[in-house]
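Residue-level structural notes
Listed below, chain by chain, are the residues.
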Amino acid sequence: MFQIRVHGRGGQGVVTATEMLSVAAFEEGRHAQAFPSFGSERTGAPVVAFCRLDDKEIRLREPIMEPDALIIQDPTLLHQIDVFSGLKPDGYVLLNSAHSFEQIGLGELVKQRGHSKMSTLPATELGLKHVGRPIPNVPLIAGFAALSGMFKLESVIKAINEKFSGKVAEGNIAAATEAYELVKQQMEDRAHA
Amino acid sequence: MLKQIEGSKAVAEAIALCRPEVICAYPISPQTHIVEALGEMVKSEELAPCEFINVESEFAAMSVAIGSSAAGARSYTATASQGLLFMVEAVYNAAGLGLPIVMTVANRAIGAPINIWNDHSDSLSQRDSGWMQLFAETNQEAVDLHIQAFKLAEELSMPIMVCMDGFILTHAFERVDIPTQEQVDGYLPPFDPRQSLDPKEPISIGAMVGPEAFMEVKYLAHAKQMQALELIPQLAAEFKQQFGRDSGGLVRTYRADDAETMIVAMGSVLGTVKDTVDELREQGHKIGVLGIISYRPFPLQEVRAALVNCKRFVVLEKSLAVGMGGIVATDVRMAVSGTGLKGFTAIAGLGGRNITKASLHKLFLEAEQEKLEPVTFLDLDWDVVNKQLEREKQNRHSGPIAENILYDKGMSTSAAKFG
């Protein structure tokens, strides 16, 4: 079982992100379970949502306390809650930021965990550029597909097409594609560094 | 067709496949997504002929369902929590009149304190209303139980609640096989009501019944639920033939054959229970699971048969009979009366408290060693409870309990602080 926890704020599409991840996994023939940390969501309040992947039926219904991967949609959460709580030592981290981990003061974390499973991505900027809205969820899913190698970009695109249509779908696909390429390039640059 | 879909959406699609003719509902979390999706389907005429009636309250929702069902229309509604409580008078009437309404209950706690999260208090509060109650373990089962529910309700001319855990199932995206219209049509015949109001052949429904006949009418409601005990397994078997899936039935066991300790539960927590039991089995513990699908009628014989060979059992339930202990546990103990079996009650998950594998591990091992109290409250914060009890002892004017507890838990600084 592979468990992904997504942190963000109300209005950033956190729940939608996990739902789309589960659809992408489903498109690839896997079992997936996505669910929010239920509550009275308010715009701007911290929100957590979860996605489990497996090659067999998923029965477990507890929240994800020891994730294999973290997607952090809002870097300001780092000062507010312990987003890294329970993250497995070799877990993935994808952070929405136009800056590197070192630039935002997380250099130590990269030293501990190594670069190979950590990446930042200017997801809000990509959302603005392609969709005209500062919603980082779709670029982050695509970026996570590149970082983890767990999903094909085309599965993410299928999930986008299931959720959106017309211009919004097109914009999101463009944002996802650029995000995927950016993270892939980062990973390749590091591998050669 | 296999879909990765939200539980509520999947149930809405299943309801639409059952060709309801009247849907009336009032929104309340966590049920809202179901009737929203159905409303869209009616508006787009994807679901036709069907009338979607926006009512002004849950009381009106059930009242409209009573009227439309009495007029011979297949009728559906959905609710949860305080919404269910608000319609209670009509809920009893629907059963008393013998109207085969199907209602989804997206199980949610009852306030006060107000709480939108999942437990089973709401539908269990209607235990004696005369409605049948089936509990879904997964979203697939929620879909399948709704299809079976219309057939069961209409066969007996009695209403039924299909209960699915609010949020945990209603808001979860998972893989669900949505049947085709042909499959559902092949299973569920058109509604052929035992009684219906027709201006051409006027009858009355809802007579006042005095002491000379009231008991007989009530006994017949009981007799119908006893018939349901036979019908539910039959319908599940027919369902398997038509759809190729095991869904529904009265009870279901898991790794129970040589189990010395049995865990009894209802609803989605069974998944986490089974995962925990698998781990304990790997360590050599003889432990198994009994899932109860049909809470009303309660399958006394099947529960007894499933437990009679174990040494002890734990009823893990998301409900509390205040002043008594377990609600489900009381029925389970009735089922095993005279066997001398050791039974424990574990109250868990009230108001959406997470039920984790780690906590279940500990609970089940303590049960195996028979170290549990007769009634255990899983993951109860005793420090906070004892602090409040002490506060009440020290101070006559100890103030509101919920506000005090939130204050003690550091979750509210603005709350009144007493003592």
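Scoring rules and cut-offs
- Counting of residues starts from 1 at the beginning of each chain's written sequence and follows it residue by residue.
- To read the labels, note that chains go from A and ligands from 1, taken in the order they are written.
- The predicted nature of this model means local features are confined to residues of pLDDT at least 70 and side-chain atom pairs, given and counted, to a pLDDT of 80 or more, with totals for whole chains, interfaces and linings taken over all residues.
- Think of it this way: build a C-beta for each residue from its backbone, and any pair within 7 Å is a contact.
- Only runs of H or I of at least four residues qualify as helices and only runs of E of at least two qualify as strands under DSSP, and these elements are numbered from the N terminus.
- Under this grouping Gly is polar, as are all residues other than the nonpolar Ala, Val, Leu, Ile, Met, Phe, Trp, Tyr, Cys and Pro and the charged Asp, Glu, Lys and Arg.
- Strand pairing is assigned whenever DSSP identifies at least 2 bridges connecting the two strands.
- All axes are obtained by fitting lines to C-alpha atoms, using only the stretch in contact for helices, and the reported angles, taken between N-to-C directions, cover 0 to 180 degrees.
- With C-beta atoms placed from the backbone, a residue is labelled by how many other C-beta atoms lie within 10 Å of its own: buried for 20 or more, exposed for 12 or fewer, partly exposed between the two.
- Here, the arc refers to the directions that run from the helix axis to the C-beta atoms.
- Connectivity within a nonpolar core runs through C-beta atoms within 7 Å, and the core itself is a set of buried Ala, Val, Leu, Ile, Met, Phe, Trp, Tyr and Cys residues.
- Here the bounds of each domain stem from an automatic or database domain assignment.
- By convention, orient the strands away from the viewer: a clockwise path from the first strand over the helix to the second makes the crossover right-handed.

1. Here's the deal with the interface of chain A and chain B
Taken together, the contact pairs 17 residues of chain A with 21 residues of chain B. Among the secondary structure elements, those contributing two or more residues to the side of chain A that touches chain B are α1 (14-27) and β2 (31-36) of chain A. Per-element tally for the side of chain A that touches chain B: the top contributor is β2(A), with six residues. For the side of chain A that touches chain B, a count of residues per class yields nine nonpolar, four polar and four charged.

2. Comments concerning the sheet that holds strand β2 (residues 22-25) of chain B
Residue and element names in this part refer to chain B. Spatially, the seven strands line up as an open sheet ordered β3-β2-β4-β5-β7-β6-β12, and their pairing is mixed. At either end of the open sheet lies a strand with only one pairing partner, and these are β3 (51-54) and β12 (294-296). Averaged over all pairs of adjacent strands, the angle between their axes in this sheet comes to 20°, without regard to strand direction. Packed on one face of the sheet, helix α2 (residues 32-43) meets β2, β3, β4 (75-79) and β5 (102-107) and runs near 140° to β2. Contacting β5, β6 (132-135) and β7 (160-165), helix α7 (residues 139-156) crosses the sheet at an angle of about 170° to β7.

3. Section: helix α11 (residues 300-307) of chain B
Note on helix geometry: an α-helix contains 3.6 residues per turn, so any two residues three or four positions apart are oriented the same way. Residue and element names in this part refer to chain B. The set of residues buried in α11 consists of Glu302, Val303, Ala306 and Leu307. Looking straight down α11, one finds its buried side chains confined to an arc of 125°; they lie on one side. Where α11 is buried, its residues touch β9 (251-254), β10 (261-265), β11 (287-292), β13 (312-317) and α12 (328-335).

4. Quick word on the sheet that holds strand β15 (residues 375-377) of chain B
All names here are of chain B. Taken in spatial order, the six strands of this open sheet run β9-β11-β10-β13-β14-β15, and their pairing is mixed. Each edge of the open sheet is held by one strand with a lone partner, namely β9 and β15. This sheet shows a mean twist of 20° between the axes of neighbouring strands, independent of strand direction. Judged from the three bridges that link them, strand β14 (residues 342-347) and β15 form a sheet pairing that is parallel. Along β15, the bridge assignment pairs Ala346 with Thr376. The strands touched by helix α10 (residues 269-282) are β9, β10, β11 and β13; relative to β11, the strand with the most contacts, the crossing angle is about 165°.

5. Comments concerning the environment of Glu370(B)
Looking at where Glu370(B) falls in the secondary structure, it is placed in the loop between α13 (357-368) and β15. Apart from residues lying up to four places away in sequence, Glu370(B) is in contact with Arg312(B) and Lys342(B).

6. Focus: the nonpolar core
Residue and element names in this part refer to chain B. Ile160, Val162, Ile263 and Val264 are the most contacted members of the largest nonpolar core, which has 182 residues in total. Two domains each donate at least three residues to this core, and these are domain 1 (2-243) and domain 2 (251-377). Ignoring anything within four residues of it in the chain, the contact list for Val264 reads Leu290, Ile292, Phe313, Val314, Val315, Leu316 and Val332.

7. Regarding the domain arrangement of chain B
All names here are of chain B. When its domains are assigned, chain B resolves into domain 1 (2-243), domain 2 (251-377) and domain 3 (382-419). Computed from C-alpha atoms alone, the centre-to-centre distance between domain 1 and domain 2 is 27 Å. At the junction of the two partners, domain 1 supplies 25 residues and domain 2 supplies 21 residues. At the level of elements, α6 (121-124), β6, β7 and α9 (214-243) are the ones that each hand at least two residues to the side of domain 1 that touches domain 2. At five residues, the largest contribution of residues to the side of domain 1 that touches domain 2 is made by α9. In terms of residue class, the side of domain 1 that touches domain 2 is made up of 15 nonpolar, six polar and four charged.

8. Notes on unusual backbone geometry
All names here are of chain B. Across the junction of Ala112 and Pro113, the peptide omega takes the value 0°, indicating a cis bond. As for its position among the elements, Pro113 is in the loop between β5 and α6. For Arg19, which is not glycine, the phi torsion reads 55° and is therefore positive. Considering the arrangement of structural elements, one finds Arg19 in the loop between α1 (7-17) and β2. The residue Ser157 is not glycine, and still its phi comes out positive at about 55°. Tracing the chain through its elements places Ser157 in the loop between α7 and β7. Assessed through the 15 C-beta atoms surrounding it within 10 Å, Ser157 is described here as partly exposed.

9. Here's the deal with the pairing of β2(B)
Residues and elements named next belong to chain B. Alternating residues of β2 divide into Val22 and Cys24 and Ile23 and Ala25, and every residue in both groups is buried. By the bridge criterion, four bridges tie β2 to β3 in an arrangement that is parallel. Among the inter-strand pairings, Val22 is bridged to a residue of β3, identified as Glu51. Handedness of the crossover joining β2 and β3 through α2 is recorded here as right-handed. By the bridge criterion, two bridges tie β2 to β4 in an arrangement that is parallel. Counterpart to Val22 in the pairing with β4 is Ser75.

10. Quick word on the pairing of strand β6 (residues 118-121) of chain A
Residues and elements named next belong to chain A. The side-chain alternation of β6 yields two buried faces, one formed by Met118 and Thr120 and the other by Ser119 and Leu121. Of the strand pairs in this sheet, strand β5 (residues 92-96) and β6 are connected by four bridges, and their pairing is parallel. Note on β6: the bridge partner recorded for Val93 is Met118.

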